[in-house]
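The primary structure of each chain is shown beneath.
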Amino acid sequence: MPAAMASGHPNKLMLISTTLVMLGAALLLAGVASAAGNFYQDVDITWGDGRGKILDGGQLLTLSMDRSSGSGFQSRSEYLYGRFDMQLKLVPGDSAGTVTTFYLSSQGSQHDEIDFEFLGNASGEPYTVHTNVYSQGKGGREQQFRAWFDPTKDFHTYSVVWNPSHIVFYVDGVPIRDFRNMASAAVPFPTSQPMRVYASVWDAEEWATQGGRVKTDWSKAPFVASYRGFAAAGCTAGGAAECAKSNGAWMFQELDAAGQEQLRKAQATYMIYDYCTDKYRFPQGPPPECAAAK
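Per an unreviewed UniProt entry, the protein chain carries the name Xyloglucan endotransglucosylase/hydrolase and comes from Urochloa decumbens. As stated in UniProt under Function (unreviewed entry), the record for the protein chain gives "Catalyzes xyloglucan endohydrolysis (XEH) and/or endotransglycosylation (XET). Cleaves and religates xyloglucan polymers, an essential constituent of the primary cell wall, and thereby participates in cell wall construction of growing tissues."

Here you go:
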């Protein structure tokens, strides 16, 4: 701020400064952390032997995979509830057999997990957007979608909102899935295990593309996906009781009537698989959360 402006409004500046200090203290007391956009500060590249690279002063991160290895990173912070956004540009061209991921997970055999996985394709075929939710080590809750754009041409934003009532998946701000807490129907829901944010590019040619019928063409390697715009706002306090007191907007976020209509249209138009309707897997009827969600 120019000196003339600063000297003219000392009381206003003091008030602004005091307000900012008080706001920062309140966020710390609530155990709320917010991170946006610098991979040097926010993540660690955890595997890949140099195949993961942070570029542009921390604004861009690329992960690559070749026949020897894929690569991945994880957030430095753990969160219990929050909103998590990532912009991705997926592996272009013939990416059959590859999986690019952006997900949250805790550790251990009874872990919780919230998944975005992007299943590669033979050149010219659409990507599959694969979502899943694990709680207490139990997954198998897959829903899959076709992207309504080419996710290799530009960056698109993929988001997760996780709070005690809902896990909502968004693509470019459009809700595509709402997994609700159905504890009343004895359905496990992630409420107690802090999770880190993870991302990776890895080889899954046994199942990723048309159930494994289309294999990886290694002559096209390395396969490179790009990440930017990582933003995480969530509770980083030490336990569930403290995080339950968080007052971030994400803690109470749910779909209003317009959001529910967006969700309905997205699922009607773009969903290609829903475990709740898979009679082969569930011949005796769908899992309890499917009926309870109706």
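Some words on the state of the cysteines
Within this structure, the stated rule accounts for 2 disulfides. Disulfide pairing is shown between cysteine 235 and cysteine 243; the S-S distance is 2.1 Å. Its S-S torsion of approximately -80 degrees makes the covalent link between cysteine 235 and cysteine 243 left-handed. Of the two residues, cysteine 235 and cysteine 243, neither departs from the other in class, the shared state being buried. With a sulfur-sulfur separation of 1.9 Å, cysteine 276 is cross-linked through a disulfide to cysteine 290. As the torsion about the S-S bond is roughly -75 degrees, the cysteine 276-cysteine 290 disulfide counts as left-handed. With cysteine 276 in the loop between strand S16 (271–274) and helix H6 (288–292) and cysteine 290 in helix H6, this pair connects stretches of sequence that are 14 residues apart.

Details of the UniProt feature "glycosylation site" (unreviewed entry) in the protein chain
As annotated in UniProt, the feature "glycosylation site" (unreviewed entry) corresponds to Asn121 in the numbering used here. Taking the relative accessible area as the measure of exposure, asparagine 121 reaches 4% and is therefore buried.

Focus on the packing of aromatic side chains
Following the criterion strictly, the structure yields 15 aromatic pairs and no others. Arranged with centres 5.8 Å apart and planes meeting at 10 degrees, the rings of phenylalanine 116 and phenylalanine 118 form a pair that is stacked. Given a relative accessible area of 0%, phenylalanine 116 falls into the buried group. For phenylalanine 118, a relative accessible area of 1% gives the class buried.

Rules used in this analysis
- Residues numbered from 1 in each chain as written.
- Predicted model: local features only at pLDDT ≥ 70, side-chain atom pairs only at ≥ 80, totals over all residues.
- Heavy atoms only, no water.
- UniProt positions renumbered as here; feature names shortened; annotations may be inferred.
- Disulfide = S-S within 2.5 Å.
- Buried < 20%, exposed > 50% of the residue type's maximum accessible area, 1.4 Å probe, protein only.
- Helix = DSSP H or I, 4+ residues; strand = E, 2+ residues; numbered from the N terminus.
- Phe/Tyr/Trp six-rings, centres within 6.5 Å; stacked < 30°, edge-to-face > 60°.

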